[in-house]
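# Architecture and fold: a report
Single-letter residue listing:
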Amino acid sequence: MQNNKISLSDKAFFNLITKKRAVVLTALWFIGGFLLLIAMTDLFTQSIIQKEYLLLQFLFILNTLFIIKIWKVYFSKKRKAKSAF
């Protein structure tokens with residue numbers, strides 16, 4: 001019988017990362033970033049470095065750091081699972 005109880009230490013978002021979830025979040029990040037880039041550059045006719053888009057650029061950088069963190073957690077969990085056997 002499988003125990004489906006989640007302890008308080010397991011409720012963090014990063015502890016629930018699986019490969020499928022990491023891939024889906026990365027795909028959403030890529031699609032959203034591409035659409036954001038298209039919107040900021042007016043279909044690549046303007047420069048991306050403009051003062052009026054500073055907040056959007058900051059949010060994109062934060063999202064990129066979040067995706068990097070997700071993959072780091074996934075690979076560290078995978079490495080720990082391998083070493084447990």
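Quick notes on the rules
All residue numbers refer to positions counted from 1 along the written sequence of the respective chain. Per-residue local features are limited, in this predicted model, to residues with pLDDT of at least 70; the limit for side-chain atom pairs, both in listing and counting, is 80 or more; totals at the level of whole chains, interfaces and linings are taken over all residues. Hydrogens and water are ignored here; the side-chain numbers use all heavy atoms of the structure. Only runs of H or I of at least four residues qualify as helices and only runs of E of at least two qualify as strands under DSSP, and these elements are numbered from the N terminus. Summary of the burial criterion: residues with accessible area below 20% of their type's maximum are buried, those above 50% are exposed, and those between are partly exposed, where the area comes from a 1.4 Å probe applied to protein chains only. When checking whether two residues touch, look at their non-hydrogen atoms; a contact exists if any pair is within 4.5 Å. Any two rings among Phe, Tyr and Trp, with Trp reduced to its six-membered ring, count as a pair given centres within 6.5 Å; such a pair is stacked if its planes are under 30 degrees apart, edge-to-face if over 60, and tilted if neither.

## Focus: the side chain of T41
Residue placement: T41 occurs in helix α1 (residues 19–41). Here T41 falls in the buried class, since its relative accessible area comes to 4%. Beyond its immediate sequence surroundings of up to four residues, T41 is in contact with Q46, S47 and I48.

## Let's talk about the packing of aromatic side chains
Under the defined criterion, the tally for this structure stands at 4 aromatic pairs. Ring plane angle 10° and centroid distance 5.8 Å describe the contact between W29 and F60, whose orientation is recorded as stacked. Taken together, the residues W29 in helix α1 and F60 in helix α2 (residues 54–84) connect sequence positions 31 residues apart. When the centroid spacing of 5.7 Å and the interplanar angle of 90° are considered together, the rings of W71 and Y74 count as edge-to-face. Of this pair, W71 and Y74 both sit in helix α2, separated by 3 residues, roughly a single helical turn. Among the residues examined, W71 registers a relative accessible area of 21% and is labelled partly exposed. Classification of Y74 by relative accessible area gives buried; the value is 12%.

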